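Coordinate analysis (summary)
So you can see what is in the structure, the chains are spelled out below.
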Amino acid sequence: MTFLVTAATGNVGNATLQSLLAIGQTVRAVSRHTREWPAGVEGVVGDLNDPDGLRDAARGVDGAFLLSGYPSEAGVLEALPDDAHAVLLSSGSVPGGSPENAVTAYHLESEAAVKASGHSWTMLQPNSFMANALRWQPQLDAGDTIRLPFADVPIALIDPSDLGELAARALTDRRHAGASYRLSGPEALLPETQIAILSAALGRPLHFEAQPDDEARAQMERAMPAAYVDAFFAFFSEHTLDETTVWPTVHEVLGRRPGTFAAWTRANAHRFLSA
Ligand SMILES: NC(=O)c1ccc[n+]([C@@H]2O[C@H](COP(=O)([O-])OP(=O)(O)OC[C@H]3O[C@@H](n4cnc5c(N)ncnc54)[C@H](OP(=O)(O)O)[C@@H]3O)[C@@H](O)[C@H]2O)c1
């Protein structure tokens, strides 16, 4: 069977692509750029922000892996064959979340569009990704002190590879149709502990410092719209999102424990060595 994988170079999209290839499926992979892809992959150049840009890519496939919040979603859902399955990478903020939170809102809208499309579907509702640690690179380049916000919030980070494997399972096995999977990693870790684990993996002394809220807010406002900054402060400062609870879902669906942050940092240590 052939599956459309959007954001196929991203953390989860690429893991989905690899998982599909590993179980003998073929993939139509979307990137904004022409790329070399492995055997079994047909590359498609397309932009998730183009409302009609992925219609052709969606025709004739058996299912699609989609991200929330992109204008191309409606066109893909229309162009997919009627019996194609849609897997949406949504967010753990959706169950019980408020549409007044700007991040929750775009995931809610995408979930609603997928559910209204008539396709069978599976929702992945994960916690924060382990790969977010790669955003610490500028601080790692500048020294051994890593300042992070929300220092008192333990998070059960999830390995994007587990999400890719789950997406591949959901695309190829209709027993996952109609499921909304709330997903976490195996253990809730404070930011200070996350830094200690990365320090061990890199073999490099790293020191954690709690970043004050005003400094964190100013930094985040340089990187994203103000409504999203408010959304993340609501999640982690006002505790409207629980990413501390460890959910059994990865184990239940994949039949194995989810990956640990220690294992992820060891496997991805090479990605931190740009300094
Ligand atoms: N990070 C978290 O903690 C977290 C938690 C819950 C949910 N999520 C959701 O997960 C999603 C995916 O995260 P991720 O870490 O897998 O993504 P990612 O690694 O940031 O990759 C996103 C990919 O999307 C592609 N892309 C971006 N803009 C595009 C566009 N306009 N047109 C076509 N492709 C585009 C890029 O590929 P090319 O450069 O090859 O085009 C990029 O590789 C997020 O968008 C978010 O909604 C994230």
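Residues numbered from 1 in each chain as written. Predicted model: local features only at pLDDT ≥ 70, side-chain atom pairs only at ≥ 80, totals over all residues. Heavy atoms only, no water.

1. Notes on the pairing of strand E2 (residues 26-31)
- For E2, the tally of buried residues reaches 5 of 6 residues, placing the bulk of the element in the interior.
- The parallel pair strand E1 (residues 2-5) and E2, bridged by helix H1 (residues 11-22), forms a crossover whose chirality is right-handed.
- As judged from the 5 bridges shared by E2 and strand E3 (residues 41-45), these two strands associate in the parallel manner. Bridge pairing in E3 links serine 31 to valine 45. (Buried < 20%, exposed > 50% of the residue type's maximum accessible area, 1.4 Å probe, protein only. Helix = DSSP H or I, 4+ residues; strand = E, 2+ residues; numbered from the N terminus. Right-handed = clockwise from strand over helix to strand, strands pointing away. Pairing = 2+ DSSP bridges.)

2. Remarks on the sheet that holds E2
- Taken in spatial order, the 7 strands line up as E3-E2-E1-E4-E5-E6-E8 in an open sheet, and their pairing is parallel. The open sheet terminates on both sides in strands that have one partner only, identified here as E3 and strand E8 (180-183). Within the sheet, the average angular offset between the axes of one strand and its neighbour, ignoring direction, is 15 degrees.
- Against the sheet, H1 contacts E1, E2, E3, strand E4 (63-67) and strand E5 (85-89), and its axis sits at roughly 170 degrees relative to E1.
- The sheet strands contacting helix H6 (residues 160-172) are E1, E4, E5, strand E6 (120-126) and E8, and the helix crosses E5 at an angle near 160 degrees. (Axes fitted to C-alpha atoms, helices over the stretch in contact; angles between N-to-C directions. Contact = heavy atoms within 4.5 Å.)

3. Examining the pattern of salt bridges
- The full count for this structure, using the stated rule, is 13 salt bridges.
- One salt bridge in this structure joins glutamate 78 and arginine 55, with 3.1 Å as the shortest N-O distance. With glutamate 78 in helix H3 (residues 73-79) and arginine 55 in helix H2 (residues 55-58), this pair connects stretches of sequence that are 23 residues apart.
- What emerges from the salt-bridge pattern is a single network uniting Asp162, Glu165, Arg169 and Arg256. (Salt bridge = Lys/Arg side-chain N within 4 Å of Asp/Glu carboxyl O.)

4. Comments concerning the environment of glutamate 215
- With respect to the secondary-structure elements, glutamate 215 resides in helix H8 (residues 213-221).
- Placed 66 residues apart in sequence, glutamate 215 and proline 149 show a C-alpha to C-alpha distance of 8.7 Å.

5. So, the packing of aromatic side chains
- For the coordinates displayed, the defined rule picks out 7 aromatic pairs.
- Here phenylalanine 150 and phenylalanine 236 contribute two aromatic rings whose centre-to-centre distance is 5.5 Å and whose plane-to-plane angle is 40 degrees, an arrangement assigned as tilted. Pair noted here: phenylalanine 150 is in the loop between strand E7 (145-148) and H6 and phenylalanine 236 is in helix H9 (residues 226-236), with a separation of 86 residues, a long-range link.
- Phenylalanine 236 gets classed as buried once you look at its relative accessible area, which sits at 8%. (Phe/Tyr/Trp six-rings, centres within 6.5 Å; stacked < 30°, edge-to-face > 60°.)

6. Examining the site of the ligand
- Around the ligand sit 24 residues, and of these Thr9, Ser31, Asp47, Leu48 and Asn132 come closest.
- Between an oxygen atom of the ligand and a side-chain N or O atom of threonine 9, the distance comes to 2.6 Å.
- Within the side chain of arginine 32, an N or O atom sits 2.8 Å from an oxygen atom of the ligand.
- When the ligand is considered free in solution it has 910 Å² of accessible area, and contact with the protein chains removes 80% of it. (Near = heavy atom within 4 Å. Polar contact = N/O pair within 3.5 Å; in protein donor to acceptor, adjacent residues only side chain to side chain. Areas by Shrake-Rupley, 256 points an atom, 1.4 Å probe, with all protein chains shown as cover.)

7. With respect to the nonpolar core
- Counting 31 residues, the largest nonpolar core has Trp136, Leu140 and Phe261 as the members making the most contacts within it.
- Counting only elements with at least two residues in this core, the list comes to E7, helix H7 (191-202), H8, H9 and helix H11 (261-267).
- The element best represented in this core is H9, accounting for 5 residues.
- Excluding residues within four positions of it along the chain, tryptophan 136 makes contact with Ile146, Leu148, Gln194, Ile195, Leu198 and Phe261.
- Leu17, Val41, Ile158 and Val250 belong to the second-largest nonpolar core, a separate cluster that totals 28 residues. (Core = buried A, V, L, I, M, F, W, Y, C linked by side-chain atoms within 4.5 Å.)

8. Concerning the environment of isoleucine 23
- Structurally, isoleucine 23 is set in the loop between H1 and E2.
- Since its relative accessible area comes to 47%, isoleucine 23 is described here as partly exposed.
- A sequence separation of 149 residues divides isoleucine 23 from threonine 172, and the C-alpha atoms of the two residues are 9.4 Å apart.
- The contact partners of isoleucine 23, leaving out residues within four places of it in the chain, are Ala168 and Thr172.

9. Section: the packing of H1 against H6
- Interaxial distance between H1 and H6 falls to 7 Å at its minimum, and their mutual angle equals 55 degrees. Regarding the angle of H1 to H6, the classification is oblique. Crossing of H1 against H6: the hand is right-handed. Where H1 approaches H6, its residues Asn11, Val12, Ala15, Thr16, Ser19 and Leu20 are matched on the opposing element by Pro160, Ser161, Leu163, Gly164, Glu165, Ala167, Ala168, Leu171 and Thr172.
- Taken together, the residues that form the contact of H1 with H6 break down as 8 nonpolar, 6 polar and 1 charged. (Parallel < 35°, antiparallel > 145°, perpendicular 65-115°, else oblique. Left-handed = near helix turned anticlockwise from the far one by under 90°. Nonpolar A, V, L, I, M, F, W, Y, C, P; charged D, E, K, R; others polar.)

10. A few points about the packing of H8 against H9
- Two elements in contact, H8 and H9, have axes whose closest approach is 9 Å; the angle formed by their N-to-C orientations is 145 degrees. Between H8 and H9 lies a crossing whose hand is right-handed. Along the contact surface, H8 presents Asp213, Ala216, Arg217, Met220 and Glu221, while H9 presents Val229, Asp230, Phe232 and Phe233.
- Broken down by class, the residue content of the contact of H8 with H9 amounts to 5 nonpolar, no polar and 4 charged.

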